[in-house]
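Survey of secondary and tertiary structure
What follows is the residue order along each chain.
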Amino acid sequence: MPTSKQRAQLLLTQMTLEEKIGQMVQFGRIKPKEKDLIRQGLVGSFLNHRNLTLVNEIQRIAVEESRLGIPLLIGSDIIHGYVSTFPIPLAEACSWNLELLEASAKHAMAEAASDGVRWNFFPMVDIARDPRWGRIAEGAGEDPYYGSEVAKARVRGVQSLNADGYPQAAACAKHYLAYGWSEGGRDYNSVDLSEHVLRTTVLPPFQACVDAGVMTFMSSFNDVMAVPASGNPFTLRTLLKGEMKFDGFVVSDWESVEELIGHTTAADQKEAARIGLVSGVDMDMHSSVYLDHFKTLVAENPSFEALIDDAVLRILTVKYELGLFEKPYVDPQLREKVILNPETVDMTLKVARESIVMLKNDGTLPLNRTQKIA
């Protein structure tokens, strides 16, 4: 039985350059123009769509109307529950119950998968120590060891197997790299840190995700030591895909490849696309710079097609591993069984109770002034 990677390699040999580029393209909007691009095999993924009827419709177009019938990968941010609502990730981490965190991610993802969402931009594993940074709510706190354990638990939960024996979704470790270290706690701001801090504090939770088998990574908006994270071959190729041995694929954050222009790293969209490709960003989220410029870039420099092949192989392998080629559609009856089922609702209450943190003893506990608790 061929492996998912071997199946992906075989499919890759049948693809035109345009179809390869299409797998590296992700859009948020779905309008007639995008549906036509699906028919041409020029889109590989969509995000932020939780309508099962629409998801099955565009999946049908991809599978039945495009030349090679490659299914779409539908992504979304399922951070603390889908319909059933769990505590925010930081609160969940306060439970110190890794089994519970894994179960929380598993239940939330099962609900999302019943709507056709098979890719979750979660967990956020940034170590953050500046309380001014608003996105600390999505992480697990300040400690790289505990953050790494939480990261592994959440990856296991998201990628737990469904009834068909496939991972119910691909997890996505974010935001790579050092997003939580922005100066002044200002989102998107610059990051300047030593290699010691990088390796001992920032990288461990990301490495933990790789060790847990995470399928995807997301490159971040910020720069790291004056180089934008979505245009940084050292962090993406040398560290992540080389030293850390990550064999999944990297998606940019929302238009972060195009934002290389704003960083003044790229002069225009074409140069931004080139830098994103060379640096190791395998899929462009929403900006379309890959779709618009890769064909010209390959014509000017044919060696770029080898980089495209590597990216597409990674993307197709994940699609095979998720079983999308075997079961691209979702049965609407599954949704009725999964959404707000009693087991998941009970789990939300259990997690909420274990996440409670007492900040001040105002008589809640029967302790006098001479007694202490750890």
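Residues numbered from 1 in each chain as written. Predicted model: local features only at pLDDT ≥ 70, side-chain atom pairs only at ≥ 80, totals over all residues. Heavy atoms only, no water.

**With respect to the overall build of the protein chain**
Where we set the bar: The way it works is that DSSP assigns letters per residue, a run of H or I at least four long becomes a helix, a run of E at least two long becomes a strand, and they are numbered from the N terminus. Two things to know: the radius of gyration comes from C-alpha atoms, and the globule rule equals 2.2 Å times the number of residues to the power 0.38. A simple rule labels every residue: compare its accessible area, found with a 1.4 Å probe on the protein chains alone, to the largest value its type can have, and call it buried under 20%, exposed over 50%, or partly exposed in between. Note on contacts: a residue pair qualifies if any of its non-hydrogen atoms lie within 4.5 Å across the two residues. Only the protein chains shown count as covering a residue, and every accessible area follows the Shrake-Rupley method with a 1.4 Å probe. We count Lys and Arg on the positive side and Asp and Glu on the negative side, and we leave His and both chain ends out. A charged residue contributes its charge at one atom only: NZ of Lys, CZ of Arg, CG of Asp or CD of Glu.
When its secondary structure is counted, the protein chain shows 14 helices and 10 strands. Taking 21 Å as the expected radius of gyration for a compact globule of 374 residues, we find that the protein chain reaches 21 Å, a close match to that expectation. Each of the three principal axes of the protein chain carries a C-alpha extent, and together these read 75 × 50 × 40 Å. Buried positions account for 55% of the 374 residues belonging to the protein chain. A sequence separation of at least 24 residues applies to 74% of the contacts in the protein chain between residues at least 6 apart. Counting only carbon and sulfur atoms, one obtains 53% of the accessible surface of the protein chain, whose full area is about 16,200 Å². Here the protein chain carries 38 positive and 49 negative side-chain charges, and the mean point of each set is 2 Å from the other.

**Things to note about the packing of helix H9 (residues 233–243) against helix H10 (residues 269–279)**
Rules: Each axis is a line fitted through C-alpha atoms, and for a helix only the stretch in contact is used; angles between axes span 0 to 180 degrees, taken between their N-to-C directions. An angle below 35 degrees is treated as roughly parallel, one above 145 as roughly antiparallel, one from 65 to 115 as roughly perpendicular, and anything else as oblique. As a working rule, the residues Ala, Val, Leu, Ile, Met, Phe, Trp, Tyr, Cys and Pro are called nonpolar, Asp, Glu, Lys and Arg charged, and the rest polar, with Gly in that last group.
Running from N to C, H9 and H10 cross one another at 20°; their axes reach a closest spacing of 8 Å. The angle between H9 and H10 places the two elements in the roughly parallel class. For the pair H9 and H10, contact is made by Pro233, Leu236 and Arg237 and by Leu277, Val278 and Ser279, respectively. Here the contact of H9 with H10 is built from residues that sort into 4 nonpolar, 1 polar and 1 charged.

**Regarding the sheet that holds strand E6 (residues 216–219)**
Stated formally: Strands qualify as paired when DSSP identifies two bridges or more between them.
Reading across from one edge, E9-E6-E5-E4-E3-E2-E1-E10 is the order of the 8 strands in this open sheet, with parallel pairing throughout. At either end of the open sheet lies a strand with only one pairing partner, and these are strand E9 (249–252) and strand E10 (284–285). Sheet topology note: the strand E1 (residues 25–27)/strand E2 (residues 45–47) ladder contains 2 bridges and is parallel. Within the sheet, the bridge partner assigned to Phe27 lies in E2 and is Phe46.

**Here's the deal with empty space enclosed by the protein**
Filter applied, for reference: Any residue with an atom within 4 Å of a point lines the site, the site being either a cavity, points on a 1 Å grid over the protein atoms alone where a 1.4 Å probe fits but cannot get out, or a pocket, an open set with protein on both sides within 12 Å along at least 5 of 7 lines. Grid points are joined across faces, edges and corners, and a volume is the space filled by probe spheres set on the points.
Using the criterion set out here, one finds 3 cavities of 30 Å³ or more in the structure. Computed from the structure, the largest cavity encloses a volume of approximately 90 Å³. Around the largest cavity, the lining is made up of 13 residues, and of these Gln23, Gly41, Ser66, Leu68 and Ile70 lie nearest the centre. Considering only residue class, the lining of the largest cavity consists of 7 nonpolar, 4 polar and 2 charged.

**Side note on the side chain of Thr348**
For clarity, the threshold we go by: What qualifies as a polar contact is a pair of N or O atoms within 3.5 Å, subject to a donor-acceptor requirement within protein and to the restriction that residues adjacent in sequence count only when both atoms come from side chains.
Among the secondary structure elements, Thr348 is positioned in helix H14 (residues 342–355). Engagement of the side chain of Thr348 in a polar contact is seen with the backbone oxygen of Val345, the distance being 2.6 Å. With near-sequence residues (within four places) excluded, Thr348 lies in contact with Ser84, Thr85, Phe86 and Pro87.

**Examining the packing of aromatic side chains**
Basically, it comes down to this: Side-chain rings of Phe, Tyr and Trp (the six-membered ring for Trp) are treated as a pair once their centres are within 6.5 Å; stacked means planes under 30 degrees apart, edge-to-face means over 60, and tilted covers the remaining angles. A ring has a charge above it when a Lys NZ or an Arg CZ is no more than 6 Å from the ring centre and no more than 35 degrees off the ring normal.
Per the stated rule, a full pass over the model turns up 12 aromatic pairs. Residues Tyr179 and Phe221 carry aromatic rings whose centres are separated by 6.4 Å and whose planes lie at 50° to one another, so their mutual orientation is tilted. In this pair, Tyr179 is assigned in the loop between strand E5 (170–176) and helix H8 (195–211) and Phe221 in the loop between E6 and strand E7 (223–224), connecting sequence segments 42 residues apart. Each member of the pair, Tyr179 as well as Phe221, is classed as buried. Grouping aromatic residues by their ring pairs yields a cluster made of Trp133, Tyr179, Tyr188 and Phe221. The ring of Phe27 has Arg29 sitting right over it, with the charged end atom 4.8 Å from the ring centre.

Limitation: the analysis is restricted to geometry and does not speak to function.
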